[in-house]
Amino acid sequence: MNASQTSAAPTLLVKIFGKDRPGITAGLFDTLAAYSVDVIDIEQVVTRGRMVLCALVSQPDAGLDGDLRATVHSWAESVKMQAEIISGRGDNRPRGEGRSLVTVLGHPLTAEATAAIAARITKAGGNIDRIFRLAKYPVTAVEFAVSGVATEALRTALVTDAAALGVDVAVVAAGLLRRAQRLVVMDVDSTLIQDEVIELFAAHAGCEDKVAEVTAAAMRGELDFEQSLHARVALLAGLDASVVDKVRQEVRLTPGARTLIRTLKRLGFQVGVVSGGFTQVTDDLRERLGLDFAQANTLEIVDGKLTGKVTGEIVDRAGKARLLRRFAAEAGVPLSQTVAIGDGANDLDMLNAAGLGVAFNAKPVVREAAHTAVNVPFLDTVLYLLGITREEVEAADAHEED
C-alpha cells in the first residue's frame, strides 16, 4: 500500500485507558493481531500511574470490524481497563510548516502560566502537537512540540511575556540541529560561579565597596567595560600575590554547575569559559572542572605584588564574541551549533553570536536581547533547553557510580 492509499484507507483509532500495569501494551496488540491489522501509529502516556494508550491501525477485513470491537472491549474489561474505538480514514493529519520546541521552566509551574503559554501559541498560529515533561525538580520543565508557525515569530510571541507569567521560556527550531549543538561557552562571574572575582580580590585589599559600585555600573551597560576594568584593577595595586590562592578557595560554584559540565562532557560536548575576570582564577577552574577552553584577563604580578594593571589582550564584550568564534573554529563546530550563557551586558555580543544565547539570572537589558532567559539559580537547568531530561542525567550519574 503506497502513501496516497494509506492516507485514504479506513482506519481505527483504538484508545485504552486506566491503571497502568505490566503487560497492557502486549495484551492489546496480541488481541489486535488476531485480525491481521497493520499498525500505523502508537502513542502511550503514563501520568501518576494512569495510562492512556492509543493505537492507530488499519481496518480489518470486511465483516470483522464489529467482532474486533467486541473483542477489544472484552479484553479491556478483563484487565480492568476502558476502551474506545473510533473509525476514520488515513493517518494523522500532516503538521503545519514551521516546527519548534518550546521549553517552559517553572518554579513552580502554575496552571495559570501554562494556560497563558498555550493561549499565546494558539494566537500566534501554532498548534501543540505533543507535550512532554523533562524534569520535576529542581524546577518543573515541560517541552511543547509546536507546528504551524515560524520559530522566530513564536519566540517573539512567547518570550516577551515570560517574566510576567513567572516562567522561563525557550523557543528553538525542531530538528537535528537541536541535538547537534556541540560547544557550550559560559561567562564566569555570576554565571559559572556565584561571585564577582574582582570583588573577592577587593575584599582583601579593603576596597570592596568601591569596586562593587563600578562593577554594577559596568554590568548594567552604563560604563565602558575596558575603562571600568582598569579603574577597578588599579585599586588592587600593592596586594600580595599570595591572595590568589585565597581567592581560588573562596570561589563558590553556582548550584548545578558541576552537573551541567559533567553531563555535557558525557554527551561529547566541548565546554569553555570566557571571562572579564582573571586567568589566575579561570585557569584553576579549567583544571578542576575539565574545561576544554578558558580565556580571561591576566593580573600583572611583579616581585610578588599585584601592580594594579592587566596584561595581554583585554577580554571585553567584543572579545567574548571573538573568543566564542575562536573556540568554535578550534572545536570544528559551526556557530549555529554553539550555546553561550551569560548574565551581563558585556556578554550580549557572545549571546547573539551563538546558535542559542541563554541569559542566566541576567540584568533586564540582557534578558530582553538574548534568545532565552533562565531565572532560577540552578545552572544545570540549561540542559533542559537542549532536550535533556532529569532522568537521563540521573541515570548517567548512577551508571558512572556503578
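Per an unreviewed UniProt entry, the protein chain goes by the name Phosphoserine phosphatase and belongs to Streptomyces mangrovisoli. Regarding the protein chain, the UniProt comment filed under Sequence similarities (unreviewed entry) reads as follows: "Belongs to the HAD-like hydrolase superfamily. SerB family." What UniProt states about the protein chain under its Pathway (unreviewed entry) heading is, verbatim, "Amino-acid biosynthesis; L-serine biosynthesis; L-serine from 3-phospho-D-glycerate: step 3/3."

### Structural notes on the overall build of the protein chain
Each helix and strand in the protein chain was counted, giving 19 helices and 15 strands. Taking 402 residues into account, the globule formula puts the C-alpha radius of gyration at 21 Å, and the protein chain, at 27 Å, lies well above it. Counting only C-alpha atoms, the protein chain reaches 95 × 45 × 40 Å along its principal axes. The 402 residues of the protein chain split such that 48% are buried. When contacts within the protein chain are restricted to residue pairs at least 6 apart in sequence, those whose partners lie at least 24 apart make up 67%.

### What about the domain arrangement of the protein chain?
Each assigned domain of the protein chain is listed with its residue range as follows: domain 1 (10-89), domain 2 (99-174) and domain 3 (183-397). Centre-to-centre, using C-alpha coordinates, domain 1 lies 54 Å away from domain 3.

### Points about the UniProt feature "active site" (unreviewed entry) in the protein chain
UniProt tags D187 and D189 as "active site" (unreviewed entry). Here D187 is to be found in the loop between β9 (183-186) and α8 (188-192). A relative accessible area of 4% means that D187 is categorised as buried. If we ignore the near neighbours within four places in the chain, the residues touching D187 are L192, V274, S275, K320, I341, G342, D343, D347 and M350. In this structure, D189 sits in helix α8. A residue is classified by how much of its surface remains accessible, and D189, at 9% relative accessible area, is buried.

### Focus: helix α9 (residues 197-205)
Structurally, the α-helix is built with 3.6 residues per turn, so residues lying three or four positions apart point the same way. Along α9, the positions that sit buried rather than exposed are V197, I198, E199, L200, F201 and A202. Count one or two residues on from α9 and you reach G206, which has phi positive near 75°.

### With respect to the UniProt feature "domain: ACT" (unreviewed entry) in the protein chain
What UniProt calls "domain: ACT" (unreviewed entry) maps, in this numbering, to residues 13-93. Counting secondary structure, residues 13-93 comes out at 30% helix and 41% strand; the distance between its end C-alpha atoms is 13 Å.

### Notes on helix α11 (residues 225-234)
By the burial criterion, the buried members of α11 are F225, S228, L229, R232 and V233. What you see down the axis of α11 is that its buried residues fit within an arc of 125°, all on one side. With a side-chain oxygen positioned 3.2 Å from the backbone nitrogen of E226, the residue opening α11 is D224.

### Description of the sheet that holds strand β13 (residues 338-342)
Ordered by their spatial adjacency, 7 strands build an open sheet running β12-β11-β10-β9-β13-β14-β15, and the pairing between neighbours is mixed. Two strands close off the open sheet at either side, each with one partner strand: β12 (305-311) and β15 (372-374). Averaged over all pairs of adjacent strands, the angle between their axes in this sheet comes to 25°, without regard to strand direction.

### Considering the packing of aromatic side chains
Applying the stated rule across the entire model yields 2 aromatic pairs. Considering the side-chain rings of F201 and F278, the 6.0 Å spacing of their centres and the 85° angle between planes classify their relative orientation as edge-to-face. One end of the pair, F201, is in helix α9; the other, F278, is in strand β10 (residues 270-278), with 77 residues separating them in the sequence. The exposure classification of F201 matches that of F278, with both residues buried. When the centroid spacing of 4.7 Å and the interplanar angle of 15° are considered together, the rings of F293 and F327 count as stacked. Remark: F327 occurs in helix α15 (residues 317-331) and F293 occurs in strand β11 (residues 293-302); sequence separation between them is 34 residues. Each member of the pair, F293 as well as F327, carries the same accessibility label: buried.

### Topic: the packing of helix α4 (residues 111-123) against helix α5 (residues 151-159)
When two helices pack together, their arrangement is captured by the angle between the axes and the distance separating the axes. Where α4 contacts α5, the two axes come as close as 9 Å, and the packing angle between them is 145°. Relative to α5, the crossing made by α4 is right-handed. Across the interface between the two elements, I117, R120 and I121 from α4 touch L154, A157 and L158 from α5. Its residues assigned to classes, the contact of α4 with α5 shows 5 nonpolar, no polar and 1 charged.

### Describing the nonpolar core
Counting residues in each nonpolar core, the largest one holds 63 residues, and the members touching the most others are M186, L192, F201, F278, L285, I341 and L379. Per-element accounting of this core gives the leading share, 5 residues, to α9. When residues are assigned to domains, this core turns out to be shared by domain 2 (99-174) and domain 3 (183-397), each giving three or more. In contact with L379, not counting residues within four places along its chain, are M186, T191, L192, T254, P255, G256, A257, L260, I341 and F360. Counting 22 residues, the second largest nonpolar core, distinct from the first, contains L323, F327, A331 and V333.

### Observations concerning the sheet that holds strand β5 (residues 99-106)
Strand order in the open sheet formed by 4 strands is β6-β7-β5-β8, and the pairing between neighbours is antiparallel. With partners counted over all chains shown, the strands left at the sheet margins are β6 (127-135) and β8 (167-173), one partner each. Each adjacent strand pair in this sheet contributes to an overall mean axis angle of 20°, direction not counted. Inspection of the sheet shows β6 paired to strand β7 (residues 140-147) by 7 bridges, in the antiparallel sense. For A135, the partnering residue across the bridge sits in β7 and is A141. This element, α5, spans β5, β7 and β8 of the sheet and lies at about 175° to β8.

Cut-off values and rules
Every chain is numbered on its own, with residues counted from 1 as its sequence reads. The model is predicted, so local features are restricted to residues of pLDDT at least 70 and side-chain atom pairs to those at 80 or more, both for listing and for counting; the totals for chains, interfaces and linings are taken over all residues. Excluded from the side-chain calculations are hydrogens and water; all other atoms, namely the structure's heavy atoms, are used. UniProt positions are given in the numbering used here, feature names are shortened, and annotations may be inferred rather than shown by experiment. Only runs of H or I of at least four residues qualify as helices and only runs of E of at least two qualify as strands under DSSP, and these elements are numbered from the N terminus. We compute the radius of gyration from the C-alpha atoms alone; for a globule the expected value is 2.2 Å times N to the 0.38, where N is the number of residues. Any residue under 20% of the maximum accessible area for its type is buried, any over 50% is exposed, and the rest in between are partly exposed; the area is computed with a 1.4 Å probe on protein chains only. We call two residues in contact whenever any of their non-hydrogen atoms come within 4.5 Å of each other. All the domain ranges listed were derived from an automatic or database domain assignment. Note that the arc is defined by the directions from the helix axis to the C-beta atoms. N or O atoms closer than or at 3.5 Å make up a polar contact, with two conditions inside protein: a donor-capable atom paired with an acceptor-capable one, and, for residues adjacent in sequence, both atoms drawn from side chains. At least two bridges found by DSSP between two strands are what make those strands a pair. Axis lines are fitted through C-alpha atoms, for helices just across the contact stretch, and the angle between N-to-C directions can take any value from 0 to 180 degrees. Each Phe, Tyr or Trp ring, with Trp reduced to its six-membered ring, pairs with another whose centre is within 6.5 Å; inter-plane angles below 30 degrees give stacked pairs, above 60 give edge-to-face pairs, and intermediate values give tilted ones. Handedness of a crossing is defined here by the sense of rotation of the near helix relative to the far one, left-handed for an anticlockwise turn of less than a right angle and right-handed for a clockwise turn. Residues are grouped as follows: Ala, Val, Leu, Ile, Met, Phe, Trp, Tyr, Cys and Pro are nonpolar; Asp, Glu, Lys and Arg are charged; all remaining types, including Gly, are polar. Definition of nonpolar core: a set of buried residues of the types Ala, Val, Leu, Ile, Met, Phe, Trp, Tyr and Cys, connected through side-chain atoms within 4.5 Å.

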